[in-house]
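As a plain string of letters, each chain reads:
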Amino acid sequence: MKRLVYVPLEPYQERYTQQLSAPKVGWFESQWIKHGINYIRIDGDEELTLVPRKIRSGSVLDAVGRSRWCANQLLRLYDMIDKGELHGTDRIYFDDFWHPGIESLKYIFHQSEYFKQNGEPKLYSYLWAQSADSWDFTYSMRNWIRHYEKGNGRIFDGVFVANTLLQELV
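The text that follows walks through the structure, step by step, so that each part is easy to find. Bear in mind the structure is a predicted one, so any value in this text is a computation, not a measurement.

1. Description of the overall build of the protein
In step 1: A count of helices and strands for the protein gives eight helices and five strands.
In step 2: Put simply, the protein runs from its N terminus to its C terminus through helices and strands in the order β-α-α-β-α-α-β-α-α-β-α-β-α.
In step 3: Per-residue burial over the protein gives 42% buried out of 170 residues.
In step 4: Considering only contacts within the protein whose residues lie at least 6 apart along the sequence, 72% involve residues at least 24 apart.
In step 5: As displayed, the protein offers around 9,400 Å² of accessible surface, 54% of which is attributable to carbon and sulfur atoms.

2. A few points about the sheet that holds strand β4 (residues 122-127)
In step 1: The five strands lie next to each other as β2-β1-β3-β4-β5, forming an open sheet whose pairing is parallel. Only two strands of the sheet have a single partner each, and these edge strands are β2 (39-41) and β5 (158-161). Shown here is a sheet whose adjacent strand axes are inclined to one another by a mean of 20°, direction ignored.
In step 2: One ladder, built from five bridges, connects strand β1 (residues 3-7) with strand β3 (residues 90-94); its direction is parallel. The residue bridging V5 from the neighbouring strand is I92, located in β3.

3. Here we look at the packing of aromatic side chains
In step 1: The final tally for this structure, using the stated rule, is 15 aromatic pairs.
In step 2: Ring centres of F28 and W32 lie 6.1 Å apart, and the angle between their planes is 20°; this geometry places the pair in the stacked category. One end of the pair is F28 and the other is W32, both in helix α2 (residues 27-34) and four residues apart, which spans about a single turn.
In step 3: On the accessibility criterion, W32 (12% relative accessible area) is buried.
In step 4: Ring geometry for Y114 versus F115: centroids 5.2 Å apart, planes at 75°, classification edge-to-face.
In step 5: Judged by its relative accessible area of 34%, Y114 falls in the partly exposed class.

4. Structural notes on the side chain of S104
In step 1: Secondary-structure assignment places S104 in helix α5 (residues 102-111).
In step 2: Looking at S104, the relative accessible area reads 18%, which means it is buried.
In step 3: Within the structure, the side chain of S104 is placed 2.4 Å from the side chain of Y78, a separation counted as a polar contact.
In step 4: If sequence neighbours within four positions are ignored, S104 has contacts with L74 and Y78.

Quick notes on the rules
Residues numbered from 1 in each chain as written. Predicted model: local features only at pLDDT ≥ 70, side-chain atom pairs only at ≥ 80, totals over all residues. Heavy atoms only, no water. Helix = DSSP H or I, 4+ residues; strand = E, 2+ residues; numbered from the N terminus. Buried < 20%, exposed > 50% of the residue type's maximum accessible area, 1.4 Å probe, protein only. Contact = heavy atoms within 4.5 Å. Areas by Shrake-Rupley, 256 points an atom, 1.4 Å probe, with all protein chains shown as cover. Pairing = 2+ DSSP bridges. Axes fitted to C-alpha atoms, helices over the stretch in contact; angles between N-to-C directions. Phe/Tyr/Trp six-rings, centres within 6.5 Å; stacked < 30°, edge-to-face > 60°. Polar contact = N/O pair within 3.5 Å; in protein donor to acceptor, adjacent residues only side chain to side chain.

Laid out in structure tokens, this is it:
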């Protein structure tokens, strides 16, 4: 049975991520509910969802809070793997291409006898920003982060893009 595993951005009230990722009413999740799509939500550090978040270190999202949120999401996915709750028929959707540590999932899939025999879950993400775009905040990091982008592009089975410029660059 196919199932969607949703890995959202942390919902900051001061950014678009609140509208995007708020439980049950976020842009994507509300549509999955509306259309009866079987999914589970993997949140990060719940402490970060209980109080309004402020961006303290970062341009778009708080770099420290985001990394902490994503690390917790990955830990929850690892627990699902350990418990045999993640299957080759699952589709894992990340709200953001820039999910720190995503390569660890692909590494686990390649090392696991279960996934070798039963297939790997498919990984998908949304690309909101890219360092090849001179208007993007990541442009100043392009000398090192462009390599990360190209590697990530090979990890995901599909990447949805925010605009036609990014589509041309992927």
